[in-house]
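Residue strings, one per chain:
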Amino acid sequence: MMTIPEDQQRNYEIFRDCLSTALIEKISQPEPKTKRKFRSKKHSTGSPVQSRNATTTPHLGVDAKAQTEAKAQIEAEVEADPDLSNADSLADFADYIAAETFPALPAELKTLDYYSYVKDTDLQSRYALPLTGFDTPLLLPSLDPSVADSLSAYAITSEPTQGVDEFLAPILTSYLTSLSTPPPAPRATLREAEGCELCGRDWINLSYHHLIPRYVHAKAVRRGWHREEDLQNVAWLCGACHRFVHRFAGHEELARKYYTVELLMEEEGVKRWVDWVGRLRWKGR
Ligand SMILES: [Zn+2]
Ligand SMILES: [Zn+2]
């Protein structure tokens, strides 16, 4: 694995955040049932948030013998192949994919910062956002094939509909979007957020989540759910938790039932998520 030069370290960490957010999202989504061996393993172990119950919950309609055999097979496979629903394995995997992919980016994107990005309109049009699967090979012409192999071995990508190019395009887009976003407000304005207010990870980029989503602000006031002055309440969240919250509940449900971090944390599903994602640590952290 290549080491990342000092002057690229900050961008590398942003890139790895974007990549791990996409991986976490992919892995925590329920997989459709297929007969492929790898998928069947993924399906049986379930999404990370459910995985702890998976082995003790009997599958309905499956007789006991078949169940025991299936379980033995899963255990054998898991042993042979690290299970990405395990936080340590996922962190290692994200680290590995990021470290293989980032060095293949064009030099100008590896050290780019906000101030040079906003000044350089040529560069902005060269990398017009959002990037698509067609752009990926242009940005990463020398990407090591082992990246594509690893992603497909773990069923993160599935050719031909979602190959490595399609998988990486939104990651490259969110990477460039982060670079084009003004630096965060001074620490003082981050309320007391020392880290993500859900998972507590404190070295990761945070973005703010409107606890009452802006989309329903007008309605929330009109219907008397909230006072005008509460509309700007935010929670500082890491990318993975932020996306999770929006998958967990729609705008209106967030506004009515989950308008504080505490209310979110009362939900079993949120607690399991936070417990799982909070254990994702990169090497050296
Ligand atoms: Zn978080
Ligand atoms: Zn949000």
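This structure is a prediction, so every number in the text was calculated from the model and none was measured.

*Asks:* Explain the overall build of the protein to me, please; I cannot follow it from the model alone.
*Replies:* From N to C terminus, the protein includes 16 helices and 2 strands. Residues counted as buried form 28% of the 285 residues belonging to the protein. Put simply, of all contacts in the protein between residues at least 6 apart along the chain, 75% involve residues at least 24 apart.

*Asks:* Explain the pairing of strand β2 (residues 234-238) here, please?
*Replies:* Along any regular strand, the residues point their side chains to alternate faces of the sheet. The element β2 is extensively covered by neighbouring structure, given that 4 of its 5 residues are classed as buried. Pairing between strand β1 (residues 206-210) and β2: 5 bridges, direction antiparallel. In the strand pairing of β2, tyrosine 208 is matched with tryptophan 236.

*Asks:* Help me understand the packing of helix α13 (residues 239-248) against helix α16 (residues 268-277) in this model?
*Replies:* In contact at an axis separation of 11 Å, α13 and α16 are set at 160° when each is read in the N-to-C sense. Considered as vectors, α13 and α16 are oriented roughly antiparallel to each other. Here the hand of the crossing between α13 and α16 comes out right-handed. Taking contact as the criterion, the partners of Ala240, Cys241, Phe244 and Phe248 in α13 are, on α16, Gly269, Val270, Trp273 and Val277. For the contact of α13 with α16, the per-class residue count stands at 7 nonpolar, 1 polar and no charged.

*Asks:* Sorry if this is basic, but what is going on with the confidence of the model for the protein here?
*Replies:* Fine structural detail should not be taken from predicted coordinates in areas where pLDDT scores are low. Taken as a whole, the protein shows an average pLDDT of 80; of its residues, 76% reach a score of 70 or greater. Within the model, the stretch residues 33-62 combines pLDDT values under 50 with 38 contacts to residues more than four positions away or in other chains. Scored below 50 in pLDDT, residues 74-80 makes 5 contacts in the model with residues more than four places away or belonging to other chains.

*Asks:* Hey, could you run me through the packing of helix α1 (residues 9-27) against α13 in this one?
*Replies:* Helices that pack against each other are described as a pair by the angle of their axes relative to one another and the distance between those axes. Where α1 meets α13, the closest approach of the two axes is 9 Å, and the angle between their N-to-C directions is 35°. Crossing geometry of α1 relative to α13 is assigned as right-handed. Along the contact surface, α1 presents Asp17, Ser20, Thr21, Ile24 and Glu25, while α13 presents Gly239, Ala240 and Arg243. Tallied by class, residues from the contact of α1 with α13 come to 2 nonpolar, 3 polar and 3 charged.

*Asks:* Please clarify how the nonpolar core should be interpreted in this entry.
*Replies:* Proteins that are soluble and globular tend to have nonpolar side chains buried together. Within the largest apolar cluster, 60 residues are counted, with the highest numbers of intra-cluster contacts made by Leu19, Cys196, Leu237, Cys241 and Val277. Only α1, α5 (87-101), α10 (145-153), α11 (164-179), β2, α13, α14 (251-257) and α16 provide two or more residues apiece to this core. Counting the residues that make up this core, at least three belong to each of domain 1 (6-179) and domain 2 (187-277). Setting aside chain neighbours within four positions, we find cysteine 241 in contact with Cys196, Leu198, Cys199 and Val277.

*Asks:* Please explain α11 as it appears in this structure.
*Replies:* With 16 residues, α11 extends 22 Å between its outermost C-alpha atoms, agreeing within 8% with the 22 Å of an ideal straight helix rising 1.5 Å per residue. The set of residues buried in α11 consists of Val164, Asp165, Phe167, Leu168, Ile171, Leu172, Ser174, Tyr175 and Leu176. Taken together, the buried residues of α11 touch α1, α9 (136-139) and α10.

*Asks:* What is the right way to read the environment of threonine 177 from this model?
*Replies:* Relative to the helices and strands, threonine 177 resides in helix α11. Judged by the 13 C-beta atoms lying within 10 Å of it, threonine 177 is partly exposed. With 48 residues separating them along the chain, threonine 177 and leucine 129 place their C-alpha atoms 8.0 Å apart.

*Asks:* I would appreciate a short explanation of the environment of alanine 218 in the present structure.
*Replies:* By the secondary structure assignment, alanine 218 is in helix α12 (residues 217-222). Overall, the presence of 10 C-beta atoms within 10 Å leaves alanine 218 in the exposed class. On a C-alpha basis, the gap between alanine 218 and leucine 231 in space is 9.5 Å, while along the polypeptide they are 13 residues apart.

*Asks:* Would you explain unusual backbone geometry in this entry?
*Replies:* Trans is the common state for peptide bonds, and a negative phi is the common state for residues other than glycine. Here leucine 129 and proline 130 are connected by a cis peptide whose omega angle stands at -5°. The backbone of alanine 155 shows a phi angle near 60°, a positive value even though the residue is not glycine.

*Asks:* What exactly am I supposed to notice about the environment of threonine 157 here?
*Replies:* With respect to the element layout, threonine 157 can be found in the loop between α10 and α11. Residue classification places threonine 157 among the buried residues on the basis of 22 C-beta atoms within 10 Å. Residues threonine 157 and phenylalanine 167 lie 10 residues apart in sequence; the distance between their C-alpha atoms is 6.7 Å. When near neighbours in sequence (up to four residues on either side) are disregarded, threonine 157 contacts Leu151, Ser152, Gln162, Gly163, Val164 and Phe167.

Cut-off values and rules
- Residues numbered from 1 in each chain as written.
- Chains lettered and ligands numbered in written order.
- Predicted model: local features only at pLDDT ≥ 70, side-chain atom pairs only at ≥ 80, totals over all residues.
- Helix = DSSP H or I, 4+ residues; strand = E, 2+ residues; numbered from the N terminus.
- Buried ≥ 20, exposed ≤ 12 C-beta atoms within 10 Å, placed from the backbone.
- Contact = placed C-beta atoms within 7 Å.
- Pairing = 2+ DSSP bridges.
- Axes fitted to C-alpha atoms, helices over the stretch in contact; angles between N-to-C directions.
- Parallel < 35°, antiparallel > 145°, perpendicular 65-115°, else oblique.
- Left-handed = near helix turned anticlockwise from the far one by under 90°.
- Nonpolar A, V, L, I, M, F, W, Y, C, P; charged D, E, K, R; others polar.
- pLDDT = per-residue confidence, 0-100.
- Core = buried A, V, L, I, M, F, W, Y, C linked by C-beta atoms within 7 Å.
- Domains from an automatic or database assignment.
- Expected span 1.5 Å × (residues − 1).

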